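# A closer look at the structure
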Amino acid sequence: MGFPRTGSNPVRDEFIYAPRFTPPAREKKGSWSGIKPSWMEESELKNRAGPCRAETARTEAFRRTAEDKINTVGLVVVKDSKVVGLHSSGSELHAGPSAILEHGSKLSQSSLYFSRRPCATCLKMIINGTKNTPICFWPGDPEISTLTPPPSSENSTSHDASVLLISEEAALDAVASDKLKSTVALTSASHPVSDASLRSQFDPDHDPVCPDVAVHCMVQARLLSYRTEDPKVGVGAVIWAKRQESGCVPALMGGLYLVGCGFNAYPSGSHFNEFPQMDDKQEDRQRRKYRYIIHAEQNALTFRTHEIRRSDASLLFVTKCPCDECVPLIRAAGVSHIYTSDLDQGRDKGDISYRRFQHLQGVHKYCWQRNPSAGHHTSHYVNGFLGKHKTEPEHRNSKKLRPFPDSNGEEL
Ligand SMILES: Nc1ccn([C@H]2C[C@H](O)[C@@H](COP(=O)(O)OP(=O)(O)OP(=O)(O)O)O2)c(=O)n1
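Report on the accompanying structure. The shown structure was predicted, so the numbers you read here are calculated from the model rather than taken from an experiment.

In terms of helices and strands, the protein carries 9 helices and 10 strands. For the protein, long-range pairs separated by at least 24 residues make up 71% of all intrachain contacts whose partners lie at least 6 apart in sequence. Of the roughly 18,600 Å² of accessible surface on the protein, a fraction of 52% belongs to carbon and sulfur atoms.

And the structure:
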């Protein structure tokens, strides 16, 4: 028997998982809402095709799509019969997460119209971030995850292998989508919010916060990680921002305000043991957790209580290196500083990899080394680990927070 996880976003019975496109119940602009996503899909492709006419762009788009295997998606967000959001998928960030970034949990009061079935990564974020939200899509080839490697054109064997891999990924996505949409409605409650205060201890000429405050925020993230629903590893994330204008925030906060926080968990409102929990050491890929679990950063961004303002420094503290799924999201959200650990950095693990973080540009990165003398890719000894990972004694003095070098080896 399961029990509900508290969360602000139950997955609903009313979820419309249309095998064929379902026009919105004849809203005034219903047919337009249906057509618009296709236009949005095309608009992204038009951008890629350059300033040519629509028809040419479409032809070009199909050619490129076939080559790239991206299957771009258009998304229209409708609220009270008005279009409140237009999003299209790019090669790094899909339309679904882009809508989550723009609207957050306000998507709950809207209807979503996709031009094709979203991939499992998008669907899990949409389901997690919405409540009683109709989701409609045109039939046809589903969206392909940005994590799926494009087919190589170098030789036919690797091309065939890539195409096979894409088919397998698409099939697994379809299974995950079905599983995600079949979840049931549960209770609603507010997402956990840390009420910790920060002392005003930072160097205004350099980093937005001093190391002591960074340690403090990391401890907050770590505490959150213990709330994980992942049977194996807990990850916590806290986002703080530093207001540029003085005088708006009480001095106690040192100019910082909480943007959001989260931990890795199954879609909000799901039952215990409802989704697969295996990791990538176990054989059956259909039963692995990665397509279902919402990452700590994804939850922190989705259930944020403040918008991320580009004019303010925004600081993400996350107990584990951001994975390849989250890096584009974090960048698109406008996070300016990332404080994280060196755990798994650079690792390629198939279902979840950590390669993109090292190449992330334009963001200040601080790498938390639990033990500077140890190399990367060691065992899990950071944050709310569970299960088989061995506990390492904590030596506070061995911790070292250091700026992450950019790809040229220079510190940011
Ligand atoms: N920045 C990150 C990185 C990971 N996670 C979450 C998503 C999954 O719940 C879990 C995945 O962690 P691992 O990469 O450690 O995968 P495994 O649990 O399979 O461990 P292993 O390294 O042994 O394969 O962590 C997260 O929320 N935020």
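With respect to the helices and strands, serine 314 occurs in strand β7 (residues 313-318). On the basis of relative accessible area, serine 314 is assigned to the buried category, the value being 1%. Aside from chain neighbours lying at most four places away, what touches serine 314 is Trp240, Ala241, Ile308, Gly334, Val335, Ser336 and His337.

To continue, consider unusual backbone geometry. The phi torsion at serine 81 lies on the positive side, around 65°, for a residue other than glycine. Along the chain, serine 81 falls in the loop between β1 (74-79) and β2 (82-88). We classify serine 81 as partly exposed; its relative accessible area is 30%.

Our next topic: the pattern of salt bridges. If you walk through the whole model with that rule in mind, you get 15 salt bridges. As a salt-bridge pair, aspartate 230 and lysine 289 come within 3.0 Å of each other at their nearest N and O atoms. With aspartate 230 in the loop between α6 (211-225) and β5 (236-242) and lysine 289 in the loop between β6 (256-263) and α7 (296-302), this residue pair connects regions lying 59 residues apart in the sequence. With a relative accessible area of 4%, lysine 289 lands in the buried category. Glutamate 307 is the salt-bridge partner of arginine 304, the closest N and O atoms lying 3.1 Å from each other. A single salt-bridge network, built from bridges that share partners, covers Lys320, Asp344, Arg347 and Lys349.

Attention shifts here to the pairing of β1. For β1, the buried fraction is high: 5 of the 6 residues fall into the buried class. Relative to strand β3 (residues 111-114), β1 runs antiparallel, the two sharing 4 bridges. Bridge pairing in β3 links valine 78 to serine 111.

Moving on, we come to the packing of helix α3 (residues 95-103) against helix α4 (residues 120-129). Packing of α3 against α4 brings their axes to within 8 Å, and their N-to-C directions diverge by 30°. Judged by the angle between their axes, α3 and α4 are roughly parallel. Viewed along their axes, α3 and α4 form a crossing whose handedness is left-handed. Judged by residue contacts, Gly96, Pro97 and Ile100 of α3 engage Cys122, Met125, Ile126 and Gly129 from α4. Looking at the contact of α3 with α4 residue by residue, the class counts come to 5 nonpolar, 2 polar and no charged.

Moving on: the site of the ligand. For the ligand, the set of nearby residues contains 24 residues, the closest of which are Asp230, Tyr290, Glu297, Lys320 and Tyr354. Contact between the ligand and lysine 232: an oxygen atom at 2.7 Å from a side-chain N or O atom of the residue. Residue asparagine 264 places a side-chain N or O atom 2.9 Å away from an oxygen atom belonging to the ligand. For the ligand, the protein covers 99% of the area, taking 590 Å² as the surface of the free molecule.

Moving on, we come to the packing of aromatic side chains. Enumeration according to the criterion identifies 4 aromatic pairs in this entry. Between tyrosine 266 and phenylalanine 275, the ring centres sit 5.9 Å apart and the planes meet at 20°, which makes this aromatic pair stacked. For tyrosine 266, a relative accessible area of 4% puts it in the buried group. The interplanar angle of 5° and the centroid separation of 4.5 Å between the aromatic rings of tyrosine 339 and tyrosine 366 together place this pair among those described as stacked.

Moving on: α3. Summarising burial for α3: 8 of the 9 residues are buried, a large majority. Regarding α3, the residues found buried are Ala95, Gly96, Pro97, Ser98, Ala99, Ile100, Leu101 and His103. Its buried side turned inward, α3 meets β1, β2, β3, α4, α7 and α8 (327-333). Count one or two residues on from α3 and you reach glycine 104, which has phi positive near 60°.

On the surface, a cluster of nonpolar side chains totalling about 310 Å² of accessible area is made up of Val219, Leu223 and Tyr226. The residue tyrosine 226 is located in the loop between α6 and β5 in this model.

Below, the discussion takes up the side chain of glutamate 143. Following the sequence through the fold, glutamate 143 ends up in the loop between β4 (135-137) and α5 (156-181). Buried within the structure, glutamate 143 lacks any salt-bridge partner; its nearest side chain of opposite charge belongs to arginine 116, at an N-O separation of 7.0 Å. One polar contact links glutamate 143 to histidine 94, side chain to side chain, over a distance of 3.0 Å.

This part takes up the nonpolar core. Counting 42 residues, the largest nonpolar core has Leu112, Phe114, Leu316 and Ile338 as its most contacted members. Not counting residues within four places of it along the chain, the set of residues in contact with isoleucine 338 comprises Leu316, Pro322, Ile330, Phe357, Leu360, Val363, His364, Lys365 and Tyr366.

Take the sheet that holds β4 next. Taken together, the 4 strands give an open sheet; going across it, the order is β2-β1-β3-β4, and neighbouring strands pair in mixed fashion. This sheet does not close on itself; its edge strands, each paired only once, are β2 and β4. The sheet shows a mean angle of 20° between the axes of neighbouring strands, taken without regard to direction. Note: β3 against β4, 3 bridges, orientation parallel. Each residue of the ladder has a partner; that of tyrosine 113, found in β4, is cysteine 136. Where α3 meets the sheet, its contacts fall on β1, β2 and β3, and the angle it forms with β2 comes to roughly 130°.

About the thresholds
- Residues numbered from 1 in each chain as written.
- Predicted model: local features only at pLDDT ≥ 70, side-chain atom pairs only at ≥ 80, totals over all residues.
- Heavy atoms only, no water.
- Helix = DSSP H or I, 4+ residues; strand = E, 2+ residues; numbered from the N terminus.
- Contact = heavy atoms within 4.5 Å.
- Areas by Shrake-Rupley, 256 points an atom, 1.4 Å probe, with all protein chains shown as cover.
- Buried < 20%, exposed > 50% of the residue type's maximum accessible area, 1.4 Å probe, protein only.
- Salt bridge = Lys/Arg side-chain N within 4 Å of Asp/Glu carboxyl O.
- Pairing = 2+ DSSP bridges.
- Axes fitted to C-alpha atoms, helices over the stretch in contact; angles between N-to-C directions.
- Parallel < 35°, antiparallel > 145°, perpendicular 65-115°, else oblique.
- Left-handed = near helix turned anticlockwise from the far one by under 90°.
- Nonpolar A, V, L, I, M, F, W, Y, C, P; charged D, E, K, R; others polar.
- Near = heavy atom within 4 Å.
- Polar contact = N/O pair within 3.5 Å; in protein donor to acceptor, adjacent residues only side chain to side chain.
- Phe/Tyr/Trp six-rings, centres within 6.5 Å; stacked < 30°, edge-to-face > 60°.
- Patch = residues over 30% accessible without salt bridge, like charges linked within 9 Å, V, L, I, M, F, W, Y side chains within 5 Å.
- Lys, Arg positive; Asp, Glu negative; His and termini not counted.
- Core = buried A, V, L, I, M, F, W, Y, C linked by side-chain atoms within 4.5 Å.

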